[in-house]
Amino acid sequence: MNYYSLNHKAPNVSFKDAVVNGLAPDRGLYFPENITPLPEDFIQNIDQFTKEEIAFKAIEQFIGDEIPKDILQKIVAETISFDFPVVPIDKNIGTLELFHGPTLAFKDVGARFMARCLGYFNQKNTNKVTVLVATSGDTGGAVANGFLGVKGVDVVILYPSGKVSDIQEKQLTTLGQNITALEVNGVFDDCQDMVKSAFLDTEIKRQLTSANSINVARWLPQMFYYFFAYKQLYKKHKNIVFSVPSGNFGNICAGMMAQKLGLPIKHFIAATNVNDTVPQFMKDGKYEPKSSQPTISNAMDVGNPSNFIRIQQLFDNNFSSLKTGFSSFSFSDTETKEAMQRIYTNSSYIADPHGAVGYLGLEKHQLKADEYGVFLETAHPVKFLDVVESTLDKKIAIPADIKELIKKEKKSILIASYKELKDFLQ
């Protein structure tokens, strides 16, 4: 499988090169040359397959022969070695819990898969690779955990100072070893812009790659849990609608790729906080990035979502076609807190702010009688402890490993400009 740049001004590359490079030389995101739908009988009989078999079937065409089958199977099995349950909330709504991995966030899947792929590609390389990543919250912890101790790989994580939760910050600043955290005086978009600039800076001699969802090895494995959810639901519910809390739009884009492979998903909803670049685009067809605003659902505080260009490509850049299977709505912090309270009152379920935004997306969509809505609960509520406890007026039990994490000493390096990042990387 080869990949091309969506800016169309760079050579096509292999999966390996797309993973190692992260971003194309023309600053474009890589996209697969071909997408072959899976056999219909596989989809129709998906309950007969294990989740490891399903995930391998979904991803294998995008890897080709660049990783031997037995090693890819092992990578897949290690990537998804935890549960992905759909939990009923109302009679026609469930939540897909994606927080049962090691850092309690959905990004564990992509980070673990990419770390293992890069570890395989780099096993005979005498030169180190530096994974450079920007985070608005959960990416940093997932990448730090996924790459911790991986031979030949250094990890440098940029995060906006004061704009991630305390637990999120501890997850990316306390591991040491091959993990370094750079605390940026700015917002997530500043971190992301610095990362993109570093990739194209020919004066930096390190081999850089990205572990944000711009990297195909981070983005594509997020397809897995849409297949897992479908397996749990398809015999009872034929018209499934996914509402995805969306920041950089890699997660929902992966779901749309699963749909492209043949998964019969009826509709996708991108639910955002007040950072509403895409909801506005869906109203008037004008894509106008803006500075991100801080919210209680901080992992979605993105004003210029990188992966939206991939979504447009999946729909052949046809706005009318996109609108038939995709909608997007934005919600305020007040609406988010009210949704958290409503969910808890009605079903005794504790949702984090991001999941609550997903729930609001389903409410706004107004499910039809024959539709079943699934909102993604992308992080454990404990990662947003202050917001959840104050909103619900309820104490949340803190897992033992999180209690130990909180005690650890934060270690980060403060920077405020691209020059400081470049100096660090030299």
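Look up: the structure comes first, before these words.
The structure reproduced in this document is the subject of the present report.

About the criteria used
Residues numbered from 1 in each chain as written. Predicted model: local features only at pLDDT ≥ 70, side-chain atom pairs only at ≥ 80, totals over all residues. Heavy atoms only, no water. Helix = DSSP H or I, 4+ residues; strand = E, 2+ residues; numbered from the N terminus. Rg over C-alpha atoms; globule rule 2.2 N^0.38 Å. Buried < 20%, exposed > 50% of the residue type's maximum accessible area, 1.4 Å probe, protein only. Areas by Shrake-Rupley, 256 points an atom, 1.4 Å probe, with all protein chains shown as cover. Lys, Arg positive; Asp, Glu negative; His and termini not counted. Charge placed at Lys NZ, Arg CZ, Asp CG, Glu CD. Pairing = 2+ DSSP bridges. Axes fitted to C-alpha atoms, helices over the stretch in contact; angles between N-to-C directions. Contact = heavy atoms within 4.5 Å. Phe/Tyr/Trp six-rings, centres within 6.5 Å; stacked < 30°, edge-to-face > 60°. Salt bridge = Lys/Arg side-chain N within 4 Å of Asp/Glu carboxyl O. Polar contact = N/O pair within 3.5 Å; in protein donor to acceptor, adjacent residues only side chain to side chain.

## Overview of the overall build of the protein chain
- Within the protein chain, the secondary structure is distributed over 19 helices and 14 strands.
- Rg of the C-alpha trace for the protein chain: 20 Å, near the compact-globule value of 22 Å for 426 residues, within the 12% margin.
- Taken across its 426 residues, the protein chain has 60% of its residues classed as buried.
- Put simply, the protein chain shows about 16700 Å² of open surface, and 47% of that area lies on carbon and sulfur atoms.
- Charge centroids of the protein chain, computed over 45 positive and 48 negative side chains, lie 2 Å from each other.

## Observations regarding the sheet that holds strand S9 (residues 207-210)
- Strands sit in the order S9-S6-S7-S8-S14 across an open sheet of 5 strands; the sheet is parallel. The sheet terminates laterally at S9 and strand S14 (413-415), the two strands that pair on one side only. Averaged over neighbouring strand pairs, the angle between their axes works out to 30 degrees when direction is ignored.
- Strand direction decides the pairing type here: strand S7 (residues 153-160) and strand S8 (residues 179-184), joined by 6 bridges, are parallel. Within S8, the position partnered with Leu-158 by the bridge is Leu-182.
- The sheet contacts of helix H5 (residues 107-121) involve strand S6 (129-134), S7 and S9, and relative to S9 the element is tilted by about 155 degrees.

## Topic: the packing of aromatic side chains
- Summed over the entire model, instances satisfying the criterion amount to 22 aromatic pairs.
- With a centroid separation of 5.1 Å and an interplanar angle of 55 degrees, the aromatic rings of Phe-84 and Phe-228 are classed as tilted. Taken together, the positions of Phe-84 in the loop between helix H4 (69-79) and strand S4 (86-90) and Phe-228 in helix H10 (residues 224-233) put the pair 144 residues apart, joining distant regions of the chain. Like Phe-84, the residue Phe-228 is buried in the burial classification.
- The structure contains a cluster of three or more aromatic residues connected by ring pairs, namely Phe-82, Phe-84, Tyr-225, Tyr-226, Phe-228, Phe-242 and Phe-268.

## Some points on the pattern of salt bridges
- The tally for this structure, following the rule as stated, stands at 15 salt bridges.
- For Asp-154, the salt bridge is made with Lys-128, and the minimal N-O distance between the two is 3.4 Å. With Asp-154 in strand S7 and Lys-128 in the loop between H5 and S6, the pair connects residues that are 26 residues apart, well separated along the chain.
- Lys-410 is the salt-bridge partner of Glu-169, the closest N and O atoms lying 3.1 Å from each other. Here Glu-169 is found in helix H7 (residues 166-173), whereas its partner Lys-410 is found in the loop between helix H18 (400-407) and S14, with 241 residues between them in sequence.

## Comments concerning helix H17 (residues 385-392)
- Counting buried positions along H17 gives 6 out of 8 residues, so the element sits mostly inside the fold.
- Looking only at H17, the buried set comprises Leu-385, Val-387, Val-388, Glu-389, Thr-391 and Leu-392.

## Examining unusual backbone geometry
- Its identity as a non-glycine residue notwithstanding, Leu-104 has a phi of 65 degrees, on the positive side.
- Turning to its location among the elements, Leu-104 is positioned in the loop between strand S5 (93-97) and H5.
- Note on Leu-104: relative accessible area 11%, which makes it buried.

## Focus on the side chain of Asn-275
- With respect to the helices and strands, Asn-275 occurs in the loop between strand S11 (265-272) and helix H12 (277-284).
- Given a relative accessible area of 4%, Asn-275 falls into the buried group.
- A polar contact is formed between the side chain of Asn-275 and the backbone nitrogen of Gln-293, at a distance of 2.6 Å.
- There is a polar contact of 3.4 Å between the side chain of Asn-275 and the side chain of Asp-301.
- Setting aside residues up to four positions removed in sequence, Asn-275 forms contacts with Ser-291, Ser-292, Gln-293, Thr-295, Met-300, Asp-301 and Val-302.

## A short note on the side chain of Asp-276
- Relative to the elements of secondary structure, Asp-276 occurs in the loop between S11 and H12.
- A distance of 2.9 Å separates a polar atom in the side chain of Asp-276 from a polar atom in the side chain of Lys-290.
- Ignoring any residue separated from it by four or fewer positions in sequence, one finds Asp-276 in contact with Lys-290 and Ser-330.

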